[in-house]
Amino acid sequence: MADKKPNALMTPVKVSGDLAAITGQGPMPRSQITSKVWEYIKKHNLQDAKDKRTINPDALLGKVIGTAPISMFKMTAAVSKHIG
């Protein structure tokens with residue numbers, strides 16, 4: 001059986017200190033990082049009440065994705081800047 005290249009989502013990556021405050025210390029797969037960010041968003045009720053696609057960051061999440069409301073689609077790109 002030929003070795004398959006590891007899936008990029010499953011390869012453990014390092015996380016910045018600001019992101020680790022939300023996800024826990026890495027390295028961890030990108031899929032787990034995304035899950036933990038969403039877990040944090042839901043736990044702290046950071047989705048906009050009228051438009052669930054908009055995230056209203058609190059101070060901790062704001063260190064990672066910025067303090068302005070952000071689309072959940074753009075949030076992934078902002079989080080990726082904290083992954084090494």
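Structure: see above.
This report concerns the structure included in the present document. Please read all numbers here as calculations on a predicted model, not as lab measurements.

Thresholds applied
- Sequence order as written defines the numbering, with residues in each chain counted from 1.
- Owing to the predicted nature of the model, reporting of local features is limited to residues with pLDDT of at least 70; listing and counting of side-chain atom pairs is limited to 80 or more, with chain, interface and lining totals taken over all residues.
- With hydrogens and water set aside, each side-chain value is computed from the structure's full complement of heavy atoms.
- A run of H or I in DSSP counts as a helix once it spans at least four residues, and a run of E counts as a strand once it spans at least two, with each numbered from the N terminus.
- Accessibility here uses a 1.4 Å probe with only protein chains present; expressed as a share of the type maximum, an area under 20% marks a residue as buried, one over 50% as exposed, and anything in between as partly exposed.
- Two residues form a contact once any of their heavy atoms are found within 4.5 Å.
- The directions from the helix axis to the C-beta atoms are what the arc is built from.
- We call two N or O atoms a polar contact when they sit within 3.5 Å, provided that within protein one can donate a hydrogen and the other can accept it, with sequence-adjacent residues counted only if both atoms are side-chain atoms.

**What about the side chain of Thr-23?**
- Mapped onto the secondary structure, Thr-23 falls in helix α1 (residues 17–23).
- Exposure remark for Thr-23: the relative accessible area of 5% places this residue in the buried category.
- For Thr-23, the contacting residues outside a window of four places in its chain are Val-15, Met-28, Ile-33, Lys-36 and Val-37.

**A few points about helix α4 (residues 72–80)**
- Those residues of α4 that fall on the buried side of the exposure criterion are Met-75, Ala-78 and Val-79. Buried residues of α4 fall within an arc of 95 degrees about the axis and therefore sit on the same side. More than 90 degrees from the buried face of α4, the exposed residues found are Phe-73 and Lys-74.
- Packed against the buried residues of α4 are α1, α2 (30–43), β3 (54–55), α3 (59–65) and β4 (70–71).
- If you check the start of α4, you find a side-chain oxygen 3.1 Å away from the backbone N of Phe-73, and it comes from Ser-71.

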